[in-house]
Amino acid sequence: MADSIFDVVKQAPDDPILGLNEEFKTDPRENKVNLSIGVYCTEEGKVPLLNVVDTAEKQMVAEGAPHTYLPISGVPALATGVQKLLFGEDSPIIKEKRAATVQSLGGTGALKVGADFLCDILEKPKAVVSAPTWQNHVAIFEQAGFKVGSYAYYDKETGGIAFKKLIDDLKDLKKDTVVILHACCHNPTGVDLSLDQWKEVVKVCVKGKLIPFLDIAYQGFGDGLEEDAASIREFAKAGIPFLVASSFSKSFSLYGERIGALTVVCNNQEEASRVMSKLKSCIRANYSNPPMHGGVIVAKVLSDPELLKVWHEDLKEMRVRIKQMRRALADELKTIGAKKDFEFMVKQKGMFSFSGLSPEQVQRLKDEFGVYAVKSGRFCIASLNTKNVKYTAKAIKEVL
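Residues numbered from 1 in each chain as written. Predicted model: local features only at pLDDT ≥ 70, side-chain atom pairs only at ≥ 80, totals over all residues. Heavy atoms only, no water.

**Concerning the overall build of the protein chain**
When you go through the protein chain residue by residue, the secondary structure sums to 16 helices and 13 strands. Against the 2.2 N^0.38 benchmark of 21 Å for 400 residues, the protein chain shows a C-alpha radius of gyration of 21 Å, consistent with a compact globule. Going through the 400 residues of the protein chain one by one, you find that 55% of them count as buried. In the protein chain, the share of contacts with a sequence separation of at least 24, taken over all contacts with a separation of at least 6, comes to 75%. Entry remark: accessible area of the protein chain is about 19100 Å², with carbon and sulfur atoms responsible for 52%. Placing the 53 positive and 51 negative side-chain charges of the protein chain at their respective mean positions leaves the two points 3 Å apart. (Helix = DSSP H or I, 4+ residues; strand = E, 2+ residues; numbered from the N terminus. Rg over C-alpha atoms; globule rule 2.2 N^0.38 Å. Buried < 20%, exposed > 50% of the residue type's maximum accessible area, 1.4 Å probe, protein only. Contact = heavy atoms within 4.5 Å. Areas by Shrake-Rupley, 256 points an atom, 1.4 Å probe, with all protein chains shown as cover. Lys, Arg positive; Asp, Glu negative; His and termini not counted. Charge placed at Lys NZ, Arg CZ, Asp CG, Glu CD.)

**Side note on the side chain of Thr-189**
With respect to the secondary-structure elements, Thr-189 resides in the loop between β7 (178–182) and α8 (195–208). A polar side-chain atom of Thr-189 sits 3.1 Å from the main-chain amide nitrogen of Val-191. Apart from residues no more than four positions distant in its own chain, Thr-189 is found in contact with Pro-132, Tyr-153, Tyr-154, Gln-348, Phe-352, Ser-353 and Phe-354. (Polar contact = N/O pair within 3.5 Å; in protein donor to acceptor, adjacent residues only side chain to side chain.)

**Overview of the layout of surface pockets**
The volume enclosed by the second largest pocket comes to roughly 430 Å³. Taken together, 18 residues line the second largest pocket, and the ones lying closest to its centre are Phe-24, Lys-32, Asn-34, Ser-383 and Asn-388. Residue contributions to the lining of the second largest pocket peak at three residues, all from helix α1 (residues 18–26). When its residues are assigned to classes, the lining of the second largest pocket shows six nonpolar, seven polar and five charged. (1 Å grid on protein atoms, 1.4 Å probe; cavity = no way out; pocket = protein on both sides within 12 Å on 5 of 7 lines; lining within 4 Å. Points joined across faces, edges and corners; volume = space filled by probe spheres on them. Nonpolar A, V, L, I, M, F, W, Y, C, P; charged D, E, K, R; others polar.)

**Describing the packing of helix α3 (residues 76–87) against helix α12 (residues 293–303)**
Packed helices, taken two at a time, are described by their axes: the angle between them and the distance between them. Interaxial distance between α3 and α12 falls to 8 Å at its minimum, and their mutual angle equals 55°. One element, α3, and the other, α12, form an angle in the oblique class. Our pair here, α3 against α12, has a crossing hand that is left-handed. Between α3 and α12, the contacting residues are Ala-77, Leu-78, Gly-81, Val-82 and Leu-85 on the first element and Gly-295, Val-298, Ala-299 and Leu-302 on the second. (Axes fitted to C-alpha atoms, helices over the stretch in contact; angles between N-to-C directions. Parallel < 35°, antiparallel > 145°, perpendicular 65-115°, else oblique. Left-handed = near helix turned anticlockwise from the far one by under 90°.)

**Considerations on the side chain of Ser-246**
On the secondary structure map, Ser-246 appears in strand β9 (residues 242–247). Look at Ser-246 and you get buried, because its relative accessible area is 4%. When neighbours within four sequence positions are excluded, Ser-246 is seen to be in contact with Val-82, Leu-86, Gly-106, Gly-107, Ala-110, Ile-216, Gly-260 and Ala-261.

**Brief notes about the pairing of β7**
Counting buried positions over the five residues of β7 gives five, a clear majority of the element. With burial as the criterion, each face of β7 is covered, one bearing Val-178, Ile-180 and His-182 and the other bearing Val-179 and Leu-181. Where strand β3 (residues 126–131) lies against β7, two bridges are found, and the strand directions are parallel. Along β7, the bridge assignment pairs Val-128 with Val-179. In the sheet, β7 pairs with strand β8 (residues 211–216) via five bridges, with the strands oriented parallel. Following the sheet pairing, Ile-180 is matched in β8 by Phe-213. As for the winding sense of the linkage, the β-α-β connection from β7 through α8 to β8 is right-handed. (Pairing = 2+ DSSP bridges. Right-handed = clockwise from strand over helix to strand, strands pointing away.)

**Quick word on the environment of Val-33**
Within the element layout of this structure, Val-33 appears in strand β1 (residues 33–34). The spacing of Val-33 and Asp-215 is 182 residues in sequence and 28 Å in space, taken between C-alpha atoms. Once you skip the residues sitting within four places of it in the chain, Val-33 turns out to touch Phe-24, Gly-370, Val-371, Tyr-372, Asn-388, Tyr-391 and Thr-392.

Okay, structure coming up:
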């Protein structure tokens, strides 16, 4: 055959999380547990159809609306609902129309649009992520054209946050560095900043003229919708420009619909209008406009007080079950005499837990017991249930 221009293409490695998920599906063992991918499952091990989604979807079908194109920025009611979730109903940002919000292809798409937008307006784009972070943060910003560094976050010795080092690292950053922050339910560690610590981070960002970019993929999975937005509202009080990437994959169990939003907080309405025009041009040149189905579902819920109440209950049910599984795993490990104290897991928040297991121990979990986790030792606690938690604990004990 003739030479191909694709001869230079090298085989790319499998995604470290999605690749594991595919391997798990083909594993023939009956006693297998998937703690790798970030998906909430019920006690029966199934991805749920939330009550509120079922209701909203039936309303859509009854309305019989055509499946036409959405505006480039997405469902207008979705943007309104997102801003209320992030900033609160009475926020000056909303009243003064200082924020530009666009629907995106999940939280990942919000990060990508935001990264492209910032890369286009910054002279030497530099971003920093927490150590550790969700690995796609690095890939998204590097592909957009950023040089990506990191700031201290997790303290392996204490299982908490290396806060002094974190602050020192932020203070050393140059003006206009984009600081990617997990607004709540830190992925992968599950360890969150306290409100006082957030206030200190805000002060450093203001003084250093940094650009905060908050990723809120798990609003409602920590302490509640209002409580989990506390970090964002501290930045709102500071009166500085910042960005927020929202995801509704987990909170609505709409993983396949890819519904998210990017919100850019500006100095005034006129600036927000200009920013919106730029965001729309970024989207138009990328995927043109977002999908309708999931966007309409989320918009219906966020704009209907009764549906909103149902969603609160759905979220509470998921949040409580995750906390119960944290407690159950830690208690079972203690009961069977594990060499390590896992009580720290109970203090972590959200779907994930940083177990402290080494890559070698994680490999043994998969090879010997069919318990799948990413090599960093991150567990998706939301995949545990009363039927597999004892088996998982036994497997962990054996590899310690």
